[in-house]
Amino acid sequence: MGKLRVASILIFLALLSSAGSQTSFPSYYQRTSWLGTPPVLLTYGMLGYGNPAMARFADNEMMGFWQQSFLSTTNGTRSLQNWLLISAFQGILFSMEHHPLGNGAAYRSYQLGIGGGSNRLSYGISYQWFTGTTAFRPVTRFGILYRPGNYLSLGLQGTWSPSSGEQEAVVEGGIRPFGSPLLTLGGDVQITRAPGTSGISTQYSVSAMLQPVSGISLWGRYFPENDKTFFVGMTLDGGFSSILGHLSGASGTPTDELTRTVGIRFGSYTQPSLDQLILKGKAYTALHLKGTVPYLNYQWYPKSKSPRFLKILQTIRSAAADQRIQLIALNLSGTVISPELGWEIRRELEQFKTSGKKVLVYIDNASLSLYHLASVADYLLMDPEGQIEMMGLALSRTYFKHTLEKLGLGFEEHRFFKYKSALESYARDRMSDADREQLQAYLDDWYALIRSDVSRGRDLSPAQFDAIVNDKALVLAREAQTLGLVDTLVRWSAVDEWVKQHVDDGLQYLPASMVEDVAASPRGWETRPVIAVVYGLGICAMDEGIRARYLEQVFLKLRNRPDVKAVVFRVDSPGGDPMASDVVAAAIARCREKKPVIISQGQVAGSGGYWISMNGTKIVAGPNTVTGSIGVIGGWLWDKGFAGRLGMSSDHVQVGRHADLLTGVRLPVLGIQIPTRNLTEAEKARLKSVYFSIYDTFVAKVSKGRSIPEKRVREIAEGRIYSGVDGKAVQLVDEIGTLMDAIDLAKEMAGISSRQPVKIVEFPAHMGTFKLPSFSLNIRSQVTTDPTLRLISFLARFNGKPLPLLLPGYYPAAQ
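Chemist: For this particular structure, what's the right way to read helix 13 (residues 512-520)?
Modeler: Because the α-helix completes a turn every 3.6 residues, residues three or four places apart line up on one side. Residues of helix 13 that are buried: Ala-512, Val-515 and Val-518. Mapping the buried residues of helix 13 onto a view down its axis gives an arc of 120 degrees, with all of them on the same face. On its buried face, helix 13 sits against helix 3 (274-278), strand 15 (283-288), helix 4 (309-321) and strand 17 (325-331).

Chemist: Looking at this structure, I do not really get empty space enclosed by the protein. What am I missing?
Modeler: It is the rolling of a water-molecule-sized probe over the atoms that shows where space remains empty. Under the counting rule described, the total for this entry stands at two cavities of 30 Å³ or more. Taken together, 27 residues make up the lining of the largest cavity; nearest its centre are Leu-42, Thr-43, Thr-235, Asp-237 and Thr-270.

Chemist: Could you clarify how one ought to interpret the pattern of salt bridges in this entry?
Modeler: Pairing between side chains of opposite charge can happen when their charged atoms approach one another. All told, the structure shown has 39 salt bridges when counted by the stated rule. Note that Lys-472 is salt-bridged to Glu-479, the shortest N-O span being 3.1 Å. With a relative accessible area of 37%, Lys-472 lands in the partly exposed category. Its relative accessible area of 30% is what places Glu-479 among the partly exposed residues. Here Glu-710 ties to Arg-714 by a salt bridge, and the two come within 3.2 Å at their closest N and O atoms. Of the two residues, Glu-710 and Arg-714 are both situated in helix 19 (residues 710-716); the distance of four residues between them amounts to about one turn of the helix.

Chemist: Even after reading the chapter, I still don't get the confidence of the model for the protein chain, so can you show me in this structure?
Modeler: Detailed reading of predicted coordinates is not advised where the pLDDT is low. Per-residue pLDDT for the protein chain has a mean of 89; in total, 91% of the residues score no lower than 70. Here residues 7-23 scores under 50 on pLDDT; set against residues more than four positions off or in separate chains, the count is 35 contacts.

Chemist: Which parts of the structure should I look at to understand the environment of Ser-95?
Modeler: Tracing the backbone shows Ser-95 in strand 3 (residues 92-102). Counting along the chain gives 585 residues from Ser-95 to Thr-680, while the straight-line C-alpha distance between them is 79 Å. For Ser-95, the contacting residues outside a window of four places in its chain are Tyr-49, Leu-84, Leu-85, Ile-86, Ser-109, Tyr-110 and Gln-111.

Chemist: What should I look at first to understand the packing of helix 14 (residues 548-559) against helix 15 (residues 578-592) in this one?
Modeler: In helix packing, the relevant descriptors are the interaxial angle and the interaxial distance, both defined with respect to the helix axes. Between helix 14 and helix 15, the shortest axis-to-axis distance is 9 Å and the interhelical angle comes to 5 degrees. Viewed along their axes, helix 14 and helix 15 adopt a mutual orientation that is roughly parallel. Judged by residue contacts, Ala-548, Leu-551, Glu-552, Phe-555, Leu-556, Leu-558 and Arg-559 of helix 14 engage Ala-580, Val-583, Val-584, Ala-587, Ile-588, Arg-590 and Cys-591 from helix 15. In the contact of helix 14 with helix 15, the residues fall into eleven nonpolar, no polar and three charged.

Chemist: It is not clear to me how the packing of aromatic side chains should be interpreted in this structure. Could you clarify?
Modeler: Enumeration according to the criterion identifies 25 aromatic pairs in this entry. Ring geometry for Tyr-110 versus Trp-129: centroids 5.6 Å apart, planes at 20 degrees, classification stacked. Of the two residues, Tyr-110 is situated in strand 4 (residues 105-117) and Trp-129 in strand 5 (residues 121-132); the sequence distance between them amounts to 19 residues. Overall, the relative accessible area of 16% leaves Tyr-110 in the buried class. Judged by centre distance (5.9 Å) and plane angle (75 degrees), the rings of Phe-411 and Tyr-426 are edge-to-face. Of the two residues, Phe-411 is situated in strand 21 (residues 409-414) and Tyr-426 in helix 8 (residues 424-427); the sequence distance between them amounts to 15 residues. On the basis of relative accessibility, which here comes to 11%, the residue Tyr-426 falls in the buried class. It is Arg-547 that lies over the ring of Tyr-550; its NZ or CZ is 4.3 Å from the centre. Positioned above the aromatic ring of Tyr-419 is the side chain of Arg-720, whose terminal nitrogen or guanidinium carbon lies 5.0 Å from the ring centre.

Chemist: Even after reading the chapter, I still don't get the packing of helix 5 (residues 339-353) against helix 9 (residues 433-458), so can you show me in this structure?
Modeler: At a closest axis distance of 13 Å, the pairing of helix 5 and helix 9 adopts a crossing angle of 30 degrees. Here helix 5 is positioned roughly parallel relative to helix 9, judged by the angle of their axes. The two elements helix 5 and helix 9 meet at a crossing, and its hand is left-handed. Taken together, the residues of helix 9 that come into contact with helix 5 (itself represented by Pro-339, Trp-343, Arg-346 and Glu-350) are Trp-446, Leu-449, Asp-453, Val-454, Arg-456 and Gly-457. Split by residue class, the contact of helix 5 with helix 9 holds five nonpolar, one polar and four charged.

Chemist: When you look at the environment of Tyr-811 in this model, what are you seeing that I'm missing?
Modeler: Topologically, Tyr-811 is positioned in the segment after helix 23 (787-797). Counting along the chain gives 205 residues from Tyr-811 to Gly-606, while the straight-line C-alpha distance between them is 9.7 Å. Among residues more than four places away in sequence, those in contact with Tyr-811 are Leu-395, Pro-574, Val-604, Val-626 and Leu-806.

Chemist: Is there a simple way to think about the pairing of strand 12 (residues 229-237) in this case?
Modeler: Across a regular strand the side chains alternate sides, sitting on one face of the sheet and then on the other. Across the two faces of strand 12 the burial differs, with Thr-229, Phe-231, Gly-233, Thr-235 and Asp-237 buried and Phe-230, Val-232, Met-234 and Leu-236 not buried at all. The pairing of strand 11 (residues 216-222) with strand 12 spans seven bridges and is antiparallel. Looking at strand 12, one finds that Tyr-222 is bridged to Phe-230. One ladder, built from nine bridges, connects strand 12 with strand 13 (residues 241-250); its direction is antiparallel. The residue bridging Thr-229 from the neighbouring strand is Ala-250, located in strand 13.

Chemist: Is there a simple way to think about the state of the cysteines in this case?
Modeler: Where two cysteines share a covalent bond between their sulfur atoms, that bond is called a disulfide. As enumerated under the stated definition, the model contains zero disulfides in all. Sulfur of Cys-540: no disulfide; nearest cysteine sulfur belongs to Cys-591 and is 18 Å away. Classification of Cys-591 as buried rests on a relative accessible area of 0%.

Chemist: When you look at a nonpolar patch on the surface in this model, what are you seeing that I'm missing?
Modeler: Where nonpolar side chains cluster on the molecular surface, the patch consists of Leu-121, Tyr-123, Ile-144, Tyr-146, Leu-154, Leu-156, Val-171, Val-189, Tyr-204, Val-206 and Tyr-222 and spans about 910 Å² of accessible area. Elements that contribute at least two residues to the nonpolar patch include exactly strand 5, strand 6 (139-146), strand 7 (152-160) and strand 10 (200-213). Here Val-189 shows up in strand 9 (residues 183-193). Assessed through its relative accessible area of 33%, Val-189 is described here as partly exposed.

Chemist: Could you clarify how one ought to interpret the pairing of strand 19 (residues 358-366) in this entry?
Modeler: Counting buried positions over the nine residues of strand 19 gives seven, a clear majority of the element. As paired elements, strand 17 and strand 19 share five bridges and run parallel to each other. Its bridge partner being in strand 19, Ile-328 is matched across the sheet by Val-359. Both strand 19 and strand 20 (residues 379-390) contribute to a ladder of six bridges, which runs parallel. Note on strand 20: the bridge partner recorded for Val-361 is Leu-380. A crossover links strand 19 with its parallel partner strand 20, the connecting element being helix 6 (residues 368-374), and its sense is right-handed.

Chemist: Help me understand the nonpolar core, please; the structure alone is not making it clear to me.
Modeler: Burial of nonpolar side chains together is a common tendency in soluble globular proteins. By size, the foremost hydrophobic cluster in this structure holds 78 residues, and its most contacted members are Ile-345 and Ile-363. When near neighbours in sequence (up to four residues on either side) are disregarded, Ile-345 contacts Leu-289, Phe-309, Ile-312, Leu-313, Ile-316, Leu-330, Ile-337 and Leu-373.

Chemist: Explain unusual backbone geometry to me, please; I cannot follow it from the model alone.
Modeler: In terms of backbone geometry, most residues other than glycine have negative phi values and most peptide bonds are trans. Residue Phe-763 is joined to Pro-764 through a cis peptide bond whose omega torsion reads -10 degrees. Checked against the element boundaries, Pro-764 lands in the loop between strand 35 (759-763) and helix 22 (779-783). For Ser-707, which is not glycine, the phi dihedral falls at a positive 55 degrees. The class of Ser-707 is exposed, set by a relative accessible area of 64%. You will see that Gln-731, though not glycine, has its phi angle at about 75 degrees, which is positive. Note that Gln-731 resides in the loop between helix 20 (724-729) and strand 34 (735-736).

Rules and cut-offs
Residues numbered from 1 in each chain as written. Predicted model: local features only at pLDDT ≥ 70, side-chain atom pairs only at ≥ 80, totals over all residues. Heavy atoms only, no water. Buried < 20%, exposed > 50% of the residue type's maximum accessible area, 1.4 Å probe, protein only. Helix = DSSP H or I, 4+ residues; strand = E, 2+ residues; numbered from the N terminus. Arc of directions from axis to C-beta. Contact = heavy atoms within 4.5 Å. 1 Å grid on protein atoms, 1.4 Å probe; cavity = no way out; pocket = protein on both sides within 12 Å on 5 of 7 lines; lining within 4 Å. Points joined across faces, edges and corners; volume = space filled by probe spheres on them. Salt bridge = Lys/Arg side-chain N within 4 Å of Asp/Glu carboxyl O. pLDDT = per-residue confidence, 0-100. Axes fitted to C-alpha atoms, helices over the stretch in contact; angles between N-to-C directions. Parallel < 35°, antiparallel > 145°, perpendicular 65-115°, else oblique. Nonpolar A, V, L, I, M, F, W, Y, C, P; charged D, E, K, R; others polar. Phe/Tyr/Trp six-rings, centres within 6.5 Å; stacked < 30°, edge-to-face > 60°. Lys NZ or Arg CZ within 6 Å of the ring centre and 35° of its normal. Left-handed = near helix turned anticlockwise from the far one by under 90°. Pairing = 2+ DSSP bridges. Disulfide = S-S within 2.5 Å. Patch = residues over 30% accessible without salt bridge, like charges linked within 9 Å, V, L, I, M, F, W, Y side chains within 5 Å. Areas by Shrake-Rupley, 256 points an atom, 1.4 Å probe, with all protein chains shown as cover. Right-handed = clockwise from strand over helix to strand, strands pointing away. Core = buried A, V, L, I, M, F, W, Y, C linked by side-chain atoms within 4.5 Å.

Pasting the structure below:
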């Protein structure tokens, strides 16, 4: 909307400028004399000053300043210094230039423009006006830029002065025979129609650019007609800033005057650049994972200080490709992360090390799961007073059967499938054999993974690892060093000094943001294919958790977006409402008809979380992802003396034989209603048929989505959870890998080269602009923090409903 308002203002100003004397305006060649080449030959051009379509490339704040002076080759005197200032941000351009005319006279020009579109096809509009001693009148300028790939760049622009009627059209273009900035050939044609005439005049130039070394460009421009003007110059790209300079003169007329132009641009990163050569192998970067590692965050004032999960993975991969970076450091002090996300970061760091680079990890107090991540390090540093909890792994559940009895509440578990045990916590006082079997199998896989990775990373035998777990349990820092769990003891505040003393005293620190900017910056004229990453997080519900209503629209829109070549759906959900799950699954099936949809499963993607996964083109899970759990569960809560103990009673009227199931005492403030009776045998039988109907539907849809015979699905279903490893063994998962592996697979299935950079677009991109402060005195929200009342609220909310759901306790919590 902001860009639309700016464009409307520019058109309005153009109409206002229609009154006035008939005058001309600075031509295209006068404007581009600041640059010395056609703007379309360069990545950013003049930020939209030459061709307003190029303002679209100013995603971040960019500025440029140019100064122009005239030199006498006879006596070396300099005169009439012109200057130009350009600022662009998120596609909006503003420029101001100053031209002295001698004897104290001067004029200034201002330009406001906007650019939009994509890297492949962009467009823009600008409005330019003048002040001071000049006859120039306001003009409106339109521009288009087309870049189908690394080999071709075409521009078209038109300028119109409503006051004079003068019109100018420019066609500019360039080719790169090798698809890189090594050699660029180009030219442009200016076509002008004078006011009141039907005749036109033309002028053209040819250009060539050579980049013999990364970050250094030499170029020339020549006008064969008229006075045979020439430009020769050089640009030095330092990454976030560029310096250019050129000389121009007329070889076709006798003159002793040359024009000298110097300029500087800074802002967005330019590739290739000199700093890639100067700092090659001489820098390191660091990631600080303080607090909970989130998938999404607020744009302003994020609730977690840690980078987002995908950003961490992208930074590690970018650092691996960045020739400046020799080492990456992870600060895990205060980190809270789920085991699966920790494994994925560890896996990406292992890939980082294959490029010959080193990993440093710092810990202070670590759980076994966090230490699993840390053990990937070449240099594992620990606070001298830190400790590691090496107690092993456990999954426990709390049982409320007797609690409900003491409260006077009856609860009956509707369990028809062997392993679908989510609600047995409310009907039993200990684990069922089936629940113990599936949880132990999952835990064994998880422990085997940690033992294998840690033993390999720290050069321990599996027996040595088991001995530390079983005999030590809690390991302090000095003992951890003796046991070979860490390399040295040092505080994070001294890590930079430690790196210089023990790794390379010439290493310079580069913030992670600078590494990310390099990866995100365009390389020449490339148009990056788009891969969409969509998040399905939390319970399966229509308007909370995964927000099925929103996700359905996202997938249907992505289905028809030609620039999006593939979709990756990140699922971290324990399930919930079967309808919400099916809404998303159906939308994925439709999207899959036109492009690959790769499912990336996080810590948990079971039950309804698997329902929303099953229609993906491929499913990628981590080794300790909780997946499967194909089944439904439910239960019935009723008043078994609870109201009487509180001195409450209820009464009702009804129409319909079963309507009294909707009645019962309603707890004040909480708004929880508890039915007055249990179900009859006939009602239980009817509800059982509903459960089996939903289960049969679930099984049939898994069979179709995964191309597994329905009989086989029933054999592996029954609500059983699987680790990612076991899930692959029973064909519920295709590959074991990370979110980045899923993105790589999406590229491959979309026919995109593994070396081709892609643009990642996330849905949603964030949780919102910022979290509004809460000044609510809502008693209900405060009271329901009590665990007992939360339990009653949960059971009452889903009373009698069949749910494809896993509850906490079936998957590891972040730690």
